[in-house]
Amino acid sequence: MCGRYALFRWSPAFAALPGFPADQQPHWNLAPNGQVLMLRAGESGPQAATARWGLTPAWLEDLSRTPAHARAETLAEQPMFREPFRQRRALLPANGFYEWRGAARKRPYWMTNGDSLMYFAALWEVYPVGGHEYLSVALITQEAATLRRPLILGEHEQALWLSADTPSEQLRALLAKPQVALRERALATLVNDPKLDAPECLTPA
């Protein structure tokens, strides 16, 4: 399961997107329940916003049960994800994500597609509290051998995912698309500490 990812480098054009936070900081160790940057459809294209990583619909009473992930193969039918899938789709930009593998002692690996940003398919929700509306998001995962990886979308697929006009058949096809080929690098265990949010997370093994 993709439980951590990083967003520490982006282009000036990306930072110029509407809604991009002026105080956006680089992060090497983003984890569930933290604040992450997401993209959703705006009037003239994608717009950025900050959201809590853990989907929180307005009807949810137990805030300890906010899913960080939605399984690609079942989300269209599950009550928690059905409506966001139809109406509130998003992207999570990342430089890469972490994957732990092994039996007795798991080794962290850094997974990327090169130097460019990756975009993970996601769903977003609004949770009203005291007259304010807070955004939340869940990352969509696909099966990958014995693991689950983020659903990574290419440029054309990103536009389809965010568009309100994309037919449900095309959206379901995106959920079932083949895994993207990724580069990987074995890491030291520094990233195992969820409190560490620094370049040292990427220290090679």
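Located above this text is the structure these notes cover.
Residues numbered from 1 in each chain as written. Predicted model: local features only at pLDDT ≥ 70, side-chain atom pairs only at ≥ 80, totals over all residues. Heavy atoms only, no water.

Draft legend 1. Representation of the side chain of Arg89 in the model. Positionally, Arg89 belongs in strand E6 (residues 89-94). The buried charged residue Arg89 lacks any salt bridge, with Asp165 as its nearest oppositely charged partner at 8.1 Å. In terms of polar contacts, Arg89 uses its side chain to reach the backbone carbonyl oxygen of Trp161, at 2.5 Å. Separated by 2.6 Å, the side chain of Arg89 and the backbone oxygen of Ser163 make a polar contact. Those residues in contact with Arg89 that lie beyond four places of it in its chain are Arg40, Pro84, Ala122, Leu123, Trp124, Trp161, Leu162, Ser163, Ala164 and Leu171. (Helix = DSSP H or I, 4+ residues; strand = E, 2+ residues; numbered from the N terminus. Buried < 20%, exposed > 50% of the residue type's maximum accessible area, 1.4 Å probe, protein only. Lys, Arg positive; Asp, Glu negative; His and termini not counted. Salt bridge = Lys/Arg side-chain N within 4 Å of Asp/Glu carboxyl O. Polar contact = N/O pair within 3.5 Å; in protein donor to acceptor, adjacent residues only side chain to side chain. Contact = heavy atoms within 4.5 Å.)

Draft legend 2. Local environment of empty space enclosed by the protein. Tallying each qualifying case throughout the model produces one cavity of 30 Å³ or more. What the largest cavity holds in volume is close to 40 Å³. Lining the largest cavity, in full, are Gln142, Pro150, Leu151, Ile152, Lys177, Pro178, Gln179 and Val180. In terms of residue class, the lining of the largest cavity is made up of five nonpolar, two polar and one charged. (1 Å grid on protein atoms, 1.4 Å probe; cavity = no way out; pocket = protein on both sides within 12 Å on 5 of 7 lines; lining within 4 Å. Points joined across faces, edges and corners; volume = space filled by probe spheres on them. Nonpolar A, V, L, I, M, F, W, Y, C, P; charged D, E, K, R; others polar.)

Draft legend 3. Main features of helix H2 (residues 79-87). Of all the positions in H2, only Met80, Phe81, Pro84 and Phe85 are classed as buried. Angularly, the buried residues of H2 cover 105° about the axis, an arc narrow enough to put them on a single face. The outward face of H2, more than 90 degrees from its buried face, is lined by the exposed residues Pro79, Arg86 and Gln87. Looking at the buried positions of H2, the neighbouring elements they touch are strand E5 (69-71), E6, strand E9 (118-129), strand E10 (132-144), helix H3 (155-162) and helix H4 (168-175). (Arc of directions from axis to C-beta.)

Draft legend 4. Examining the sheet that holds strand E12 (residues 183-186) more closely. Strand order in the open sheet made by the five strands is E2-E1-E7-E8-E12, with antiparallel pairing throughout. The open sheet has two edge strands, strand E2 (27-30) and E12, and neither has a second partner. On average, each strand axis in the sheet is tilted by 25° relative to the strand beside it, whichever way the strands run. (Pairing = 2+ DSSP bridges. Axes fitted to C-alpha atoms, helices over the stretch in contact; angles between N-to-C directions.)

Draft legend 5. Quick look at the packing of H3 against H4. Contact geometry for H3 and H4: axes closest at 10 Å, N-to-C directions at 130°. Between H3 and H4, the angle is such that the two are oblique. Judged by the twist between their axes, the crossing of H3 over H4 is left-handed. Residues Glu157, Leu160 and Trp161 of H3 form the contact with H4, whose own contacting residues are Gln170, Leu171, Leu174 and Leu175. Looking at the contact of H3 with H4, its residues break down into five nonpolar, one polar and one charged. (Parallel < 35°, antiparallel > 145°, perpendicular 65-115°, else oblique. Left-handed = near helix turned anticlockwise from the far one by under 90°.)

Draft legend 6. Spotlight on H4. Considered for burial, the residues of H4 that qualify are Leu171, Leu174 and Leu175. What you see down the axis of H4 is that its buried residues fit within an arc of 105°, all on one side. Packed against the buried residues of H4 are H2, E6, E10 and H3.

Draft legend 7. Main features of the pairing of strand E7 (residues 96-101). Among the six residues of E7, five are classified as buried, and the element is accordingly described as predominantly covered. Of the pairings in the sheet, the one linking strand E1 (residues 5-7) to E7 comprises two bridges and is antiparallel in character. Bridge pairing links Ala6 to Gly96 in E7. Alignment of E7 against strand E8 (residues 107-112), held across five bridges, turns out to be antiparallel. In the sheet register, Tyr98 faces E8, and the bridge partner there is Trp110. Hairpin connection, E7 to E8: the antiparallel pair is bridged by five residues, and Gly102 has positive phi, about 130°.

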